[in-house]
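The lines below spell out each chain.
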Amino acid sequence: MCHAFLTDSNFYQLLFQIDQSIAEEVRERGGGCGGVLHAAPYPRKPRGIRSALDESYQSRLSFCCSQDGCRRRSTPASVRFRGRKVYLGVIVVLITALQHGLTEPRRRRLIEELDVAPQTLWRWRRWWRERFVATRCRRALAGQFIPPILTACLPASLLERLTGEGLAERLVQLLVLICPVTTSTSSLRVSLNPQKM
Ligand SMILES: [Zn+2]
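Rules of the game
Residues numbered from 1 in each chain as written. Predicted model: local features only at pLDDT ≥ 70, side-chain atom pairs only at ≥ 80, totals over all residues. Heavy atoms only, no water. Helix = DSSP H or I, 4+ residues; strand = E, 2+ residues; numbered from the N terminus. Polar contact = N/O pair within 3.5 Å; in protein donor to acceptor, adjacent residues only side chain to side chain. Donors = N, O, S within 2.8 Å, 3.2 Å for Na, K, Ca; no water. Buried < 20%, exposed > 50% of the residue type's maximum accessible area, 1.4 Å probe, protein only. Contact = heavy atoms within 4.5 Å. Axes fitted to C-alpha atoms, helices over the stretch in contact; angles between N-to-C directions. Parallel < 35°, antiparallel > 145°, perpendicular 65-115°, else oblique. Left-handed = near helix turned anticlockwise from the far one by under 90°. Nonpolar A, V, L, I, M, F, W, Y, C, P; charged D, E, K, R; others polar. Core = buried A, V, L, I, M, F, W, Y, C linked by side-chain atoms within 4.5 Å.

*Asks:* Would you explain the side chain of Thr135 in this entry?
*Replies:* Take Thr135: it is sitting in the loop between helix H4 (118-131) and helix H5 (136-142). A distance of 2.7 Å separates a polar atom in the side chain of Thr135 from the backbone oxygen of Phe132. Here Arg138 takes part through its backbone nitrogen, which lies 3.1 Å from a polar atom of the side chain of Thr135.

This is the structure we're talking about:
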């Protein structure tokens, strides 16, 4: 694997800790109705890299309101999972970013190693081009970068503007920045400042 952090369990532990701190904020805020939030994780089976993932990757953190008659779901934003997609966010970001960055042979090797189907790649690219650009998250980000991020080259154009030392650090920063798009049931603003991590 040409990106050593992808097989490093510490890297995934860090992402899990970030997810935990986001989830803790959501839980403390409680249900909108005043009810208490109880853990109700969603099972997940992430594809691609299994060896470095522990059991924390078998589920996505989520809550259910305990109030009778409410039972509303609150799924915190995540730097690990996106919706019901089977690939982890870091893999989607990395592979789609490499398209505008590192050499084609490296990207091809990674796609082979992770066994990503061509139509999946195509969907990921389209997601950045059509879906992500229309999100509130993207508009909020636009105000934070001068000169503006080139939307045609997302996510590479965002990745290269972050200040993390290595690629792994910048990927984590990016995942924190875009994590609001990973949930529709929790609008809590993520208070982590990725530039200071
Ligand atoms: Zn409730």
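Back to the write-up after that little detour.
*Asks:* Is there a simple way to think about the coordination of the zinc ion in this case?
*Replies:* Six octahedral donors at a metal ideally form angles of 90 or 180 degrees, and four tetrahedral donors ideally form angles of 109.5 degrees. For the zinc ion, the full set of protein donor atoms is Cys33 (SG), Cys65 (SG) and Cys70 (SG), at a range of 2.1 to 2.2 Å. As a motif over one chain, the donors of the zinc ion read C-x31-C-x4-C. One end of the pair, Cys33, is in the loop between helix H1 (9-29) and strand E1 (37-39); the other, Cys65, is in strand E4 (residues 63-65), with 32 residues separating them in the sequence. Its relative accessible area of 42% is what places Cys33 among the partly exposed residues. Since its relative accessible area comes to 1%, Cys65 is described here as buried.

*Asks:* What is the right way to look at the environment of Tyr12 in this model?
*Replies:* Along the chain, the position of Tyr12 falls in helix H1. Each C-alpha atom of the pair Tyr12 and Ile146 lies 31 Å from the other, and the pair is 134 residues apart in sequence. Ignoring any residue separated from it by four or fewer positions in sequence, one finds Tyr12 in contact with Phe5, Leu6, Ile49, Ala52, Leu53, Tyr57, Leu88 and Val90.

*Asks:* I'm lost on the packing of helix H2 (residues 89-98) against helix H3 (residues 104-114) in this one. Help?
*Replies:* Any two packed helices are characterised by the angle at which their axes cross and by the distance between the axes. The geometry of H2 relative to H3 is characterised by a closest axis approach of 9 Å and an angle of 150° between their N-to-C directions. Classified by the angle between their axes, H2 and H3 sit roughly antiparallel to one another. In this structure, H2 crosses over H3, and the sense of that crossing is left-handed. Seen from H2, the contacting residues are Ile91, Leu94, Ile95 and Leu98; seen from H3, they are Arg107, Leu110, Ile111 and Leu114. Considering only residue class, the contact of H2 with H3 consists of seven nonpolar, no polar and one charged.

*Asks:* So what exactly am I meant to see when it comes to the nonpolar core here?
*Replies:* Soluble globular proteins: nonpolar side chains tend toward being buried together. With 51 residues, the main nonpolar core has Tyr12, Ile95, Trp128, Leu158 and Ile178 as its most contacted residues. Elements supplying a minimum of two residues to this core: H1, H2, H3, H4, H5, helix H6 (156-159) and helix H7 (167-178). For this core, the leading source of residues is H2, giving eight residues. Setting aside chain neighbours within four positions, we find Ile95 in contact with Arg107, Leu110, Ile111, Leu114, Val116, Leu121 and Trp124. Ranked by size, the runner-up nonpolar core spans five residues in total, among them Ala23, Val26, Leu37 and Cys65.

*Asks:* Just checking my understanding: could you explain the environment of Glu28 for this structure?
*Replies:* Tracing the backbone shows Glu28 in helix H1. Sequence separation between Glu28 and Trp127 is 99 residues, and the spatial gap between their C-alpha atoms is 32 Å.

*Asks:* Sorry, what's going on with the packing of H2 against H4 here?
*Replies:* Close contact between H2 and H4 brings their axes to 10 Å; oriented N to C, the two are set at 85°. Here H4 runs roughly perpendicular to H2, going by the angle between their axes. On the side of H2, the interface is formed by Ile91, Val92, Val93, Ile95 and Thr96, while H4 contributes Leu121, Trp124, Arg125 and Trp128. Of the residues belonging to the contact of H2 with H4, the class tally is seven nonpolar, one polar and one charged.

*Asks:* Got a minute to help me understand H2 in this structure?
*Replies:* One turn of an α-helix holds 3.6 residues; hence residues three or four places apart share an orientation. A large share of H2 lies buried, amounting to ten of its ten residues. Among the residues of H2, those classed as buried are Gly89, Val90, Ile91, Val92, Val93, Leu94, Ile95, Thr96, Ala97 and Leu98.

On their own, these measurements won't tell you what the molecule is for.
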